[in-house]
Structure formats: C-alpha cells, structure tokens
Amino acid sequence: MESPGPEGAGSGQERTVDHAVSSSALEAVSATGLSPLDLFLHASIVVKLVMLGLILCSAFVWAIIAEKVILIRRVNREATEFEDRFWSGGSLDDLYESDGARPTHPVAAVFGAAMGEWRRSARISGVDLARGGVRDRIDRAINITVARETERLERHVIFLATIGPVAPFVGLFGTVWGIMHAFGSIASMHNTNLSVVAPGISEALFATAIGLVTAIPAYIAYNLISNSFGNFAERMDAFGTEFAAILSRQSEERGDEPASSRSSGKV
C-alpha cells in the first residue's frame, strides 16, 4: 500500500486547519449569541457609543410623544369647558375675573389678553371704544397671545423633526464602522467563513436597526403632533376673531354709555 505523498499530507493538514478555524469560529458565534444584549456587549466601542446615543434619543422621543399627547388632550378639553362657559351668556367681567385674569390654559389666555386690552381702553376718559385704534390693539393682543401660546405648546417638538431624518444616518455610521471592524476580524483570522463574518455584520446592522426604530416614531409623531397643534392654533385664532367681533359690536352698541359701565356686558 502506498503512503500518501507530501501533497496529500499537505491537503489533509489544510483541511484540518480549516476545520479547526471553522470550529473555533462557530464556538465563538455560539458563545457570543445574536440577542440584542449580546450584540451590544460584543460591539466595538464606537458602535456601542452610537447605540447608546440612539437609545437615549429614542427614550427622549417617546417622552416627548407621551407628554404632547397628554397635553393635546388636556388643552382641547379645557378649551371646550371654557367655551361652554363663555357662550353660556354670563358676564364677561365675571368670566375675566375667574379665568382671564390668571389664565391656566391657552384659550383663556386669548380671552384674557383681548378682554384686558378692552378694559384698559374703557378706563381711558372720553375714549371711543368703537374707533379703529382700539380694535387694532385688541386684534394685535389676540394675535400675539395665539403665537405665544402656540410656541409654548410646541416646545421640544422640533427635536422630533431633528431626530427623524438624522437617526438613520447615525445608525448607518455605526453600521459602516462595525463592518470595517468585522473585516479587520476576517483579516486577522484568515477566514471568510460565514461563521466568522456573521457576528461583526450582525452587530453593525443592529446599529442601523436602532436608528430606524428611533427615527420612524419620531417622524410620524412630529407630523401628527404638529397637525394637532396647528388645528388648535386655528381654534384659538377663531375664538379670538369671534370675541373681537363681540367686543366691537358691544362697543358700537354702548358708545353713548359712561366709560365705567362699558366693560360689564354679556356675550
């Protein structure tokens, strides 16, 4: 029987080495695992920082979403309750003292700004409340208040608009860096077996997944929340326009009354 030649022995040794490398790589994959926690723990330091940053941004995004959803429901409920009291036919002075002087919600702030300007004008001796200057000041007070309250309601919403388009690119940066790190591992092990490539590629793609999970809710929430606040701003503006018309009508109807009694009308 012929013994294997040097060439056959060399091939056998190469197969043995390849098998050993593959076995060790498979054992490394089995030890590493592909769960999210394992992928994070075994990622490079740069990818870990990217993941942590995206996770913190995601937590902030959901905190903003929860806060704004609760806020939208609350201000709409308070606006409805206030409008019911406003249209109930009670005294404007009484409503101003109870809600307008120290407003606790946006619609009451609009009412308080307009009513306060009208009352200050009524206290001026000999002023004609029906003239254009008074109406202009009331309209200006309403517009400024609507803009201020809308800005206050939309605070931090711009963060959603920033995170939405940026987060995927941050995750992509982590992916690119992770793939570079994986190629470095391939070069050091002198093996392109899938078992060698899989851990590094999985860690890299996990960064992109976190980026998408952060960006998608932020983008959707920004559109929905902005639309809701836009509708509420229109509601405040419509209320202010109606109230300014009421004040203008009462000014014209009571033009001959003493200034001290001009602000005690009803809706």
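In what follows, the structure referred to is the one given above.
Quantities reported herein were computed from a predicted structural model and do not represent experimental measurements.

Q: Quick one: what's the story with the overall build of the protein, residue by residue and with numbers?
A: Counting secondary structure elements, the protein contains eight helices and zero strands. In sequence order, the secondary structure elements of the protein are arranged as α-α-α-α-α-α-α-α. Residues classed as buried in the protein amount to 40% of the 267 residues present. Within the protein, residue pairs in contact and separated by at least 24 positions form 76% of the contacts whose partners lie at least 6 positions apart.

Q: Describe the side chain of Thr 175, and please don't skip the residues or the numbers.
A: Looking at where Thr 175 falls in the secondary structure, it is placed in helix α7 (residues 157-189). The exposure class of Thr 175 is buried, given its relative accessible area of 6%. Those residues within four positions of Thr 175 in sequence are excluded, and the remaining contacts are Ala 204, Leu 205, Ala 207 and Thr 208.

Q: Quick one: what's the story with the packing of helix α3 (residues 45-86) against helix α5 (residues 106-122), residue by residue and with numbers?
A: Contact geometry for α3 and α5: axes closest at 8 Å, N-to-C directions at 45°. When the interaxial angle is binned, α3 and α5 end up oblique. Residues Val 75, Ala 79, Phe 82 and Phe 86 of α3 touch α5, and the partners they reach there are Pro 106, Val 107, Ala 108 and Phe 111. Looking at the contact of α3 with α5 residue by residue, the classes come out as eight nonpolar, no polar and no charged.

Q: How would you sum up the packing of aromatic side chains? Please name residues and give values.
A: Enumeration over the complete set of coordinates arrives at eleven aromatic pairs. Note on Phe 86 and Phe 243: the rings are 5.5 Å apart at their centroids and 80° apart in plane angle, and the pair reads as edge-to-face. Of this pair, Phe 86 sits in helix α3 while Phe 243 sits in helix α8 (residues 194-253), placing them 157 residues apart in sequence. For Phe 86, a relative accessible area of 1% corresponds to the buried category.

Q: Give a detailed account of the pattern of salt bridges, specifying residues and quantitative values.
A: One pass over the structure, following the stated rule, counts nine salt bridges. With a shortest N-O distance of 3.0 Å, Arg 137 and Glu 117 are connected by a salt bridge. Of this pair, Arg 137 sits in helix α6 (residues 132-153) while Glu 117 sits in helix α5, and the two are 20 residues apart along the sequence. Given a relative accessible area of 27%, Arg 137 falls into the partly exposed group. Since its relative accessible area comes to 14%, Glu 117 is described here as buried. Across the salt bridge formed by Glu 149 and Arg 152, the nearest N and O atoms sit 2.7 Å from each other. Note that Glu 149 and Arg 152 are positioned in helix α6 at a spacing of three residues, about one turn of the helix. Glu 149 sits in the buried class, given a relative accessible area of 8%. Residues joined by salt bridges that share partners form a network here, namely Asp 93, Glu 97 and Arg 119.

The rules behind these values
- Residues numbered from 1 in each chain as written.
- Predicted model: local features only at pLDDT ≥ 70, side-chain atom pairs only at ≥ 80, totals over all residues.
- Heavy atoms only, no water.
- Helix = DSSP H or I, 4+ residues; strand = E, 2+ residues; numbered from the N terminus.
- Buried < 20%, exposed > 50% of the residue type's maximum accessible area, 1.4 Å probe, protein only.
- Contact = heavy atoms within 4.5 Å.
- Axes fitted to C-alpha atoms, helices over the stretch in contact; angles between N-to-C directions.
- Parallel < 35°, antiparallel > 145°, perpendicular 65-115°, else oblique.
- Nonpolar A, V, L, I, M, F, W, Y, C, P; charged D, E, K, R; others polar.
- Phe/Tyr/Trp six-rings, centres within 6.5 Å; stacked < 30°, edge-to-face > 60°.
- Salt bridge = Lys/Arg side-chain N within 4 Å of Asp/Glu carboxyl O.

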